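Geometric and topological summary
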Amino acid sequence: MSRLNTAALTKAMPQLLSLMLILFLNYLAFPGFFEIRLQDGRLFGSLIDVLNRGAPVIILAIGMTAVIASRGVDLSVGAVMAISGALAATMTVSGYPVPIVILAALGAGLLCGLWNGILVAYFDLQPIVATLILMVAGRGIAQLITEGSIVTFNEPGLIFFGTGSFAGIPMPILIAALLLTLAIAVVRRTALGLLIESIGINRSASSYAGLNSKLLLLVIYAFCGVCAALAGIIIAADIRGADANNAGLWLELDAILAVVVGGTSLFGGRFSILMSALGAVIIQAMNTGILLSGFPPEYNLILKALVIIVILLAQSFSSLGGWAFLKGEFRSKGANRQ
Amino acid sequence: MIFMKRILLASTVAMAFAGYANAADLTVGFSQIGSESGWRAAETSVSKIEAKKRGIDLKIADAQQKQENQIKAIRGFIAQGVDAIFIAPVVATGWDTVLAEAKEAKIPVILLDRTIETTNDDLYLTAVTSDTVHEGKVAGEWLAKAVAGKDCKVVELQGTVGSSPAINRKKGFEEGIASASNIKITRSQTGDFTRSKGKEVMEGFLKAESGGKNICALYAHNDDMAVGAIQAIKEAGLKPGKDILVVSVDAVPDIFTAMSEGEANATVELTPNMAGPAFDALKAFKDSGKAPPKWIQTESKLYTQADDPKKVYEEKKGLGY
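Criteria and cut-off values
Residues numbered from 1 in each chain as written. Chains lettered and ligands numbered in written order. Predicted model: local features only at pLDDT ≥ 70, side-chain atom pairs only at ≥ 80, totals over all residues. Heavy atoms only, no water. Helix = DSSP H or I, 4+ residues; strand = E, 2+ residues; numbered from the N terminus. Rg over C-alpha atoms; globule rule 2.2 N^0.38 Å. Buried < 20%, exposed > 50% of the residue type's maximum accessible area, 1.4 Å probe, protein only. Disulfide = S-S within 2.5 Å. Pairing = 2+ DSSP bridges. Right-handed = clockwise from strand over helix to strand, strands pointing away. UniProt positions renumbered as here; feature names shortened; annotations may be inferred. Contact = heavy atoms within 4.5 Å. Buried area = accessible area lost by both parts, 1.4 Å probe. Salt bridge = Lys/Arg side-chain N within 4 Å of Asp/Glu carboxyl O. Polar contact = N/O pair within 3.5 Å; in protein donor to acceptor, adjacent residues only side chain to side chain. Nonpolar A, V, L, I, M, F, W, Y, C, P; charged D, E, K, R; others polar. Arc of directions from axis to C-beta. Core = buried A, V, L, I, M, F, W, Y, C linked by side-chain atoms within 4.5 Å. Axes fitted to C-alpha atoms, helices over the stretch in contact; angles between N-to-C directions.

**Side note on the overall build of chain A**
When its secondary structure is counted, chain A shows 15 helices and six strands. Taken against the 2.2 N^0.38 rule, which gives 20 Å for 338 residues, the C-alpha radius of gyration of chain A at 21 Å falls within 12% of a compact globule. Principal-axis analysis of the C-alpha atoms places the extent of chain A at approximately 80 × 60 × 40 Å. Here chain A holds 338 residues, and 52% of them are scored as buried.

Given below as structure tokens:
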């Protein structure tokens, strides 16, 4: 068991090192980075900001990991976030109780996911094209729901999901952590994870082996849709309003990036949900750091791109066995000299 | 096919006659960009209200953010023989050909809210736009007056990097506070004109400026970012509007709610009423034949907590923001 843990830790080394490096750079840019205090019974500090702001992308990345592991991709998650947020906000304004609002918003996400899943699994559309449809149309649907305006609400029950806290921990962090634990347990304590990996590596072989790959794909996309809806509720609750034009805009790219930074291959197969979550935290740590650094905003995207290139190069170097190679070179040279 | 065309033609003629019979002495075609924002929706509904007030028959074509749709709509208006064409151009270039067609048909064109780049200024009658530099300046001057000589560190939430309102509202604000050496912009970041980014960036500002105690005022390039930032200020345990003054631009309904609760201090209006001044200019042109100036600047009105924000909210609520 302990050997397994060390192996996992070695594999996670590039990501952990990059996270530590980014946190350290943040500390250099802003010495108060690690300070945490209680504010109105809620933890308050930059580190909390990283997790709190990162929570929606963590949640997206959980669903996205399963999709990417099945050799797919879901471009529609940002639009689905906008739909669920728009639905939650307009229903709240019309006076529906919070539990029904949440269920309806999650239900909308489920429907969107099922739509994607049916296109991919049963009509054999390429995932990137199939989900592109909803990525474009979904934002339009959200705009129809809100009628093009920002729907503002003041229902404390719904706002709680964005800005509330339990035992001092902000709700978004709590929800993301819960979903993460649940997803890892379901995927790793059952054969589900293995089945997802097998259809990701070779779908037809898996089907011949007796796996109902169509149903499994459908479930994966539906789950991803529900994750997106949950993230949509959180960001709508956070700003007390649904902004159909901007909610979740380009977040599908952040989610995919989080999965890739976490080390899951876009070609499907082996995956790690925990590492994708770590990837999401790395991205947000970088974003928060840029905001704290006081650089002019023109540098934001360049800085982000540079950091990501470095992380991905380090990762590729490490997966090619680069470190072992260097170590070996060093040793053999040392031996030659003796 | 011919039959269809005849029906279409007949109905167009019928519609045209109906338009004239309706005591409306003018028919105006308005090529609107589409539903890109709440402000745009408000502009459309205010245009309808202003047209109704003057008994003008306004035909609105929604271009869904595409220039080719706008060009099609303009050609349609020319074919219908409208008395004038209003355009809210989605992009700045590529209008020369279709505007020349309108000129040939002797239909005056008025640009709303945005201008175009053209080698021949005669292609349009006038442009009704807001001066975004002036908007920033009004906000800056308000702050200079409000702090009255006291030292004040300002944090700025910029619009989308590189967009012209972001560049101009920044420039204007800096002009507005130029004579007040006590006011300094200490941090400036983009909040992409959105609420959630406004909140996230403000959280960063608050942490970086020792919990917000060093910040005296917030200037946001639009109200939405200010609304997000106000929430961040509250969550940091400070009072927006008192501990940190909040001034922004646009005057959308939600900022008036914040102002009535004392959480925002001032906003500069980007009026959705671009059509009103355009109708007036058009009428004067039709009556006297004298061309209006090439640029009609709309008023950048300052609203503060003293302007009965609750009432303004009720007035603006129904406009589709």
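Read on for the rest.
**As for the state of the cysteines**
Scanning the model with the defined rule gives one disulfide over all chains in all. Residue pairing for Cys152(B): its cysteine sulfur links by disulfide to Cys216(B), the two sulfurs lying 1.9 Å apart. Because the sign of the S-S torsion sets the handedness, a value of about -85 degrees for the bond joining Cys152(B) and Cys216(B) places this disulfide among the left-handed ones. Residue Cys152(B) is located in strand β6 (residues 152-158), and its partner Cys216(B) is located in the loop between α7 (195-208) and β8 (217-220); the two are separated by 64 residues in the primary sequence. With no disulfide of its own, Cys224(A) lies closest to Cys227(A) among cysteine sulfurs, the gap being 6.3 Å. On the basis of relative accessibility, which here comes to 2%, the residue Cys227(A) falls in the buried class.

**Re the pairing of β6(B)**
Residue and element names in this part refer to chain B. The buried count for β6 comes to six of seven residues, which makes it a mostly enclosed element. Looking at chain direction, β6 and strand β7 (residues 183-190) are connected through seven bridges and run parallel. Bridging from a neighbouring strand, Leu157 pairs with Gln189 of β7. Handedness of the crossover joining β6 and β7 through helix α6 (residues 164-176) is recorded here as right-handed.

**Things to note about the environment of Ala226(B)**
Residue and element names in this part refer to chain B. Inspection of the secondary structure puts Ala226 in helix α8 (residues 223-235). Judged by relative accessible area, which is 0%, Ala226 ranks as buried. Through-space distance from the C-alpha of Ala226 to that of Glu174 is 18 Å; in sequence the pair is 52 residues apart.

**Some remarks on the UniProt feature "domain: Periplasmic binding protein" (unreviewed entry) in chain B**
The positions UniProt marks with the feature "domain: Periplasmic binding protein" (unreviewed entry) are residues 30-274 of chain B. A helix fraction of 42% and a strand fraction of 20% characterise residues 30-274 of chain B, whose end C-alpha atoms lie 12 Å from each other.

**Notes on the interface of chain B and chain A**
Listed as interface residues are 30 residues of chain B and, on the opposing side, 33 residues of chain A. A combined buried area of about 2600 Å² lies between chain B and chain A, and 50% of that area is made up of carbon and sulfur atoms. Ionic pairing is found between Asp238(A) and Lys199(B), a salt bridge with its closest N-O pair at 2.5 Å. For the pair chain B and chain A, the number of links is ten residue pairs in polar contact (both at pLDDT 80 or more). Contributing elements (two or more residues each) for the side of chain B that touches chain A: β7, α7 and α8 of chain B. When residues of the side of chain B that touches chain A are assigned to their parent elements, the largest contribution, nine residues, is made by α7(B). Here the side of chain B that touches chain A is built from residues that sort into five nonpolar, 14 polar and eleven charged.

**Comments concerning helix α9 (residues 192-201) of chain A**
Residues and elements named next belong to chain A. When α9 is considered as a whole, its buried residues turn out to be Gly193, Ile196, Glu197, Ile199 and Gly200. Projected onto a plane normal to the axis of α9, the buried residues spread over an arc of 165 degrees and lie on a single side. Of the exposed residues in α9, the ones pointing more than 90 degrees away from its buried face are Leu194 and Ile201. Elements that come into contact with the buried residues of α9 comprise α3 (46-69), α8 (171-189), α10 (203-208) and α11 (213-239).

**Structural notes on the nonpolar core**
Residues Ile59(A) and Leu60(A) are the most contacted members of the largest nonpolar core, which totals 81 residues. By residue number, the principal contributor to this core is α3(A), which donates 13 residues. Excluding its chain neighbours within four sequence positions, the residues that come into contact with Ile59(A) are Ile175(A), Ala176(A), Leu179(A), Cys227(A), Leu230(A), Ala231(A) and Ile234(A). In this structure, Ala166(B), Ala226(B), Ile230(B) and Ala251(B) belong to the second largest nonpolar core, which totals 32 residues.

**Quick notes on the sheet that holds β8(B)**
All names here are of chain B. As summarised here, the arrangement of the six strands in space is β7-β6-β8-β9-β10-β12, forming an open sheet in which the pairing is mixed. Two strands close off the open sheet at either side, each with one partner strand: β7 and β12 (302-304). Direction aside, the axes of adjacent strands within the sheet are offset by 20 degrees on average. Pairing of strand β9 (residues 245-250) with strand β10 (residues 266-269) involves four bridges; the strand directions are parallel. Its bridge partner being in β10, Asp250 is matched across the sheet by Glu269.

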